[in-house]
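# Close look at the chain arrangement
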Amino acid sequence: MAAAAGWKALSVTASGSPPPDSPAATAPRRSAPRTRPGPSPDIAGHTLLCEFREPDGAGWRVYEDLRRRDGAITFVADHGDSVVLAKTAEPAFATAAAPYLGLSLREIGMSPRDLLAERLLAGGEPDPEQVREAAPPLGSPPPAPSRFSRRPPWTTFVGNKAAYDTQPVFPGGDTRTYHPSQFVPEIAGRVERRWEGILGEGLPAARKVMPIEPAARPAGAAPPSDDNPPEYFEVIVFADPRLRGEFQDKFIVQTWHRTCEVRQGRMARVVYGHTYPPFPPRRAAPAPEEFYRALLRFAQDWRRELGDMCEAALPDPAWAAMARHAFAKELMVRPGGVYPKYGAVDRDYAGSEYDGFQDIFTMSVGANLEWGRFEMARAVIDQYFGDYTAADGLIDMRGPETGQYGLTLSLVARYLAYTGDGALLLRHREKIEACAGLLAQLHDEGLRLPASDPGHGLIHGWSESDSCLAPRPQVWWLPYFGNSAMAVRGWRDLAQAWRALGHARPGVGLARPAAEWQRRADRLQSRLIAAVRAGIRRDLTPPFVPPYAGARLTVWESLARERPSPQRWAHRPYCELLQPGVLPDDLANAVIDCMRAYGGTTLGVVANMERPHPTGRDILGFISYGYALALLRLDRIDEFLLFLYSHRYHDHTPGSWTAGEVAGLTGGMPLFCIPAQQTIPLLVRWMLALEHPDRDRLELAKGVPRRWLASGREIRLDDAPTRWGRVRLRMAGELARGRAVAEVVCEGRAAPAELAVKFRLPPGREVRAVRANGDAVPLIGRSRDTALVATGGRRRFELIADCR
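Heads up: these notes are all about the structure in this document.

## Overview of the overall build of the chain
When you go through the chain residue by residue, the secondary structure sums to 22 helices and 28 strands. The C-alpha atoms of the chain give 27 Å as radius of gyration, which agrees with the globular expectation for 804 residues (28 Å, within 12%). When the backbone C-alpha atoms are referred to their principal axes, the chain occupies close to 80 × 60 × 60 Å. By residue count, 63% of the 804 residues in the chain fall in the buried class.

Below, the structure written as structure tokens:
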């Protein structure tokens, strides 16, 4: 059937490394170079900070562009190689004259409609700057005490792969072992107007910038300009990437610090530190050479750790940097780089009671696979099935989430499709099949219910892990539609994987369970669609789609009238209903319209659905990516971009990019969790290259902002893994010539049957026609802006869109 598209081209192995022609083996294995060879970087006008020599004899000079607040730090070796560390900075304070787009928090919180989203989408594609200014940023002081303001005020953390812990970094650059304000006390009074950033295009070095306000400058000083550089205090903090020196405690992160005052394009004052304050005469502040030698090692090691990522170059480089930074954060929070952790720093959520949380596993495997980090995905799968999954499929975690079992099966199948590594799946075959069998057992229980029962034939079970801790956890043992939707996707994908693996190793008995899972998936999908249609309340406008079979109250009605409410965590089953892509488009659109109208979104992101209150409403930082995926699939691109922008600006701290599990609209700091952090990597990958779940089709550039093609700058994605092999995409607008161009190269052993390449032109332009390799191709999609290319086995395509 169509669901097997793409698998016919897969080669797998059951007993060792991926076969020579598998997607994993044929893809180029890239490791980031230790240094950047080639022409010397432009350091004209930069300040020489120091020189040092490495143990291998290589001499290095360190320069910094102090003429600009975000000037790069550049290392140049005697033999000509170089390492350039760009700097970023974003305001960590509200910049709008008034937040909330003219609305009050009471209006936002008490309206079931997403009023902020409606205003931001009123003109079509949202403006990212307007989205940023719609609410105060995370990490800024809340206007009044809130549940977020009681939490620790750290805004980011540093760490490394080797250590078993992390080190929080506070707004002024303090850690819990080193305070830069001891040495430069002037920064203390400037923290609330700080800028935050990182170094090296996503590397995990924290940067804090406190501008020196005009009132603090000498009388008569000119404003900043090229001839009169900006003046500021700056703190840089990073963790040594290795365990070094006499102290080898794996729970202590050794940190490096630089605190400086920059005036008139020069270092007026600079202090270096290492982990602790000086203790003379035995512990002295490090010399500049020690700091920069450690910074060079930091850059080289992290680029090597992240060197297997597929490359993206975008008109706004922050998006690719955010993806890279998310994977760095994952390595920092996982002890030894692999052991799972939900949070960092504090008991919530770094305690062991959260380590087996299924969302840690599913987000990690999904994000790492999409960006080509196969070794990391393999390690996570091996560890989770080895240590956290029992022989009967149960996990070592309170409250197993029923829907996440289905997603687990789907991701296992995707791992095989991307890597061809059947040996890992066969090693854990018993436990993988037990997970599928657990869902089958729950399915059978649903089938035994009377046909008159709304939940007949559906999978009952907890959707949210926290359900199990309630006084009456059975209240949430329900036929949530998301449970069944995820099971359909999991069974269907795993059946395809088992069939492909069975061809590689006949006689191991994989065909029989594959056929059973396929049969169940088809039967359950039909029942699910019928149950969703039957449950819709068409007396409301728009119609209300309940999160489980048999519900008649809207979410807010249930929360007000039912104690406890079975819809308490409705956000999760809604997202899990949309993510698998098993509903027909009309139903998927109805679910999204329902969520937007009945308290299900905030700023276009899934809301943490709760009883309405006059102090605003919250953003759900994790879980919600399934909703965004549905927006993209359904060609609701303006809404997808609003989700993307809102998640970046209102679920991440500005500049330091620390994501919250649940974030409010009034500033303050939410609790960090790594699944929320890995949302942006998934969205950025999908907006550039998205596999249709059931058709033999790859969709390209589907979610790119219109302003990117208007800019004329290149949109590029290299070596993106798919179930057909690696793919390369180049796209740019050449609007002065009345056209936009794209190049697509399929580098694997097969190509999808269809390529759908979208040209999102700026307002006032439309796609009139597209030619692929000189041949006219049809246009599809809601806006008729997508070229549908039948590949016919060809691997390289040049597309020209006429947009005169």
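## Things to note about the sheet that holds strand E11 (residues 255–263)
Read across the open sheet, the six strands follow the order E5-E8-E9-E10-E11-E12; overall the sheet is antiparallel. Edge positions in the sheet fall to strand E5 (90–91) and strand E12 (266–274), since each of these pairs with one other strand and no more. Note that strand E8 (residues 195–199) and strand E9 (residues 203–211) share five bridges and pair antiparallel. Along E9, the bridge assignment pairs Glu196 with Lys208.

## A word on the sheet that holds strand E22 (residues 739–746)
For sheets, the rule is that strands pair by backbone hydrogen bonds, running either parallel or antiparallel. Strand order in the open sheet formed by seven strands is E13-E20-E21-E22-E28-E24-E25, with antiparallel pairing between adjacent strands. Strands with a single pairing partner mark the edges of an open sheet, and in this sheet they are strand E13 (311–313) and strand E25 (775–777). Pairs of neighbouring strands in the sheet enclose a mean axial angle of 20°, with direction left out of account. Inspection of the sheet shows strand E24 (residues 769–772) paired to E25 by three bridges, in the antiparallel sense. Bridging from a neighbouring strand, Ala772 pairs with Asp775 of E25.

## A few points about the side chain of Arg726
Within the secondary structure, Arg726 sits in strand E21 (residues 725–734). Separated by 2.5 Å, the side chain of Arg726 and the backbone oxygen of Asp719 make a polar contact.

## Quick word on a nonpolar patch on the surface
Nonpolar side chains collect at one region of the surface, where Tyr164, Phe251 and Ile252 lie side by side and expose about 290 Å² of accessible area between them. With respect to the helices, strands and loops of the structure, Phe251 is situated in the loop between strand E10 (232–239) and E11.

## Quick word on the nonpolar core
With 217 residues, the main nonpolar core has Phe75, Leu295, Trp491, Phe759 and Leu799 as its most contacted residues. Sequence-distant contacts of Leu799, defined by excluding residues within four places in its chain, comprise Ala740, Val741, Ala742, Val744, Val757, Phe759, Val770, Arg771, Ala772, Ala787 and Val789. Counting residues in hydrophobic clusters, the runner-up holds 13 residues, among them Ile212, Val235, Ala239 and Val253.

## With respect to the packing of aromatic side chains
Counted under the stated rule, the structure contains 29 aromatic pairs. An angle of 90° between the planes, with centres 5.4 Å apart, marks the rings of Tyr164 and Phe251 as edge-to-face. Taken as a pair, Tyr164 in the loop between strand E6 (156–158) and strand E7 (167–169) and Phe251 in the loop between E10 and E11 lie far apart in primary sequence, 87 residues in all. Residue class for Tyr164 comes out partly exposed when judged on its relative accessible area of 37%. Between the aromatic rings of Trp462 and Trp477, the centroid separation amounts to 5.4 Å while the plane-to-plane angle is 80°, which identifies the pairing as edge-to-face.

## With respect to helix H17 (residues 585–597)
The end-to-end C-alpha distance of H17, which contains 13 residues, comes to 18 Å, matching closely the 18 Å that a straight helix rising 1.5 Å per residue would cover. Among all positions of H17, only Leu587, Ala588, Val591, Ile592, Cys594, Met595 and Ala597 are buried. Gly599 lies just past H17 and shows a positive phi near 80°.

## Some points on the pairing of strand E20 (residues 715–722)
Counted residue by residue, E20 has seven buried out of eight residues, so it is predominantly covered. One ladder, built from three bridges, connects E13 with E20; its direction is antiparallel. Paired with Glu311 across the two strands is Asp718, which belongs to E20. Where E20 lies against E21, six bridges are found, and the strand directions are antiparallel. Along E21, the bridge assignment pairs Leu717 with Leu729. In this antiparallel pair of consecutive strands, E20 and E21, the connection spans two residues.

## Structural notes on the packing of helix H12 (residues 429–447) against helix H14 (residues 511–535)
Running from amino to carboxyl end, H12 crosses H14 at an angle of 40°, the nearest separation of the two axes being 12 Å. Accordingly, the angle class assigned to the pair H12 and H14 is oblique. The interaxial crossing formed by H12 with H14 has left-handed handedness. For the pair H12 and H14, contact is made by Glu433, Ala436, Ala440, His443, Asp444 and Leu447 and by Pro513, Trp517, Arg520, Arg523 and Leu524, respectively. Looking at side-chain class alone, the contact of H12 with H14 contains six nonpolar, one polar and four charged residues.

Cut-offs applied
Residues numbered from 1 in each chain as written. Predicted model: local features only at pLDDT ≥ 70, side-chain atom pairs only at ≥ 80, totals over all residues. Heavy atoms only, no water. Helix = DSSP H or I, 4+ residues; strand = E, 2+ residues; numbered from the N terminus. Rg over C-alpha atoms; globule rule 2.2 N^0.38 Å. Buried < 20%, exposed > 50% of the residue type's maximum accessible area, 1.4 Å probe, protein only. Pairing = 2+ DSSP bridges. Axes fitted to C-alpha atoms, helices over the stretch in contact; angles between N-to-C directions. Polar contact = N/O pair within 3.5 Å; in protein donor to acceptor, adjacent residues only side chain to side chain. Patch = residues over 30% accessible without salt bridge, like charges linked within 9 Å, V, L, I, M, F, W, Y side chains within 5 Å. Areas by Shrake-Rupley, 256 points an atom, 1.4 Å probe, with all protein chains shown as cover. Salt bridge = Lys/Arg side-chain N within 4 Å of Asp/Glu carboxyl O. Core = buried A, V, L, I, M, F, W, Y, C linked by side-chain atoms within 4.5 Å. Contact = heavy atoms within 4.5 Å. Phe/Tyr/Trp six-rings, centres within 6.5 Å; stacked < 30°, edge-to-face > 60°. Expected span 1.5 Å × (residues − 1). Parallel < 35°, antiparallel > 145°, perpendicular 65-115°, else oblique. Left-handed = near helix turned anticlockwise from the far one by under 90°. Nonpolar A, V, L, I, M, F, W, Y, C, P; charged D, E, K, R; others polar.

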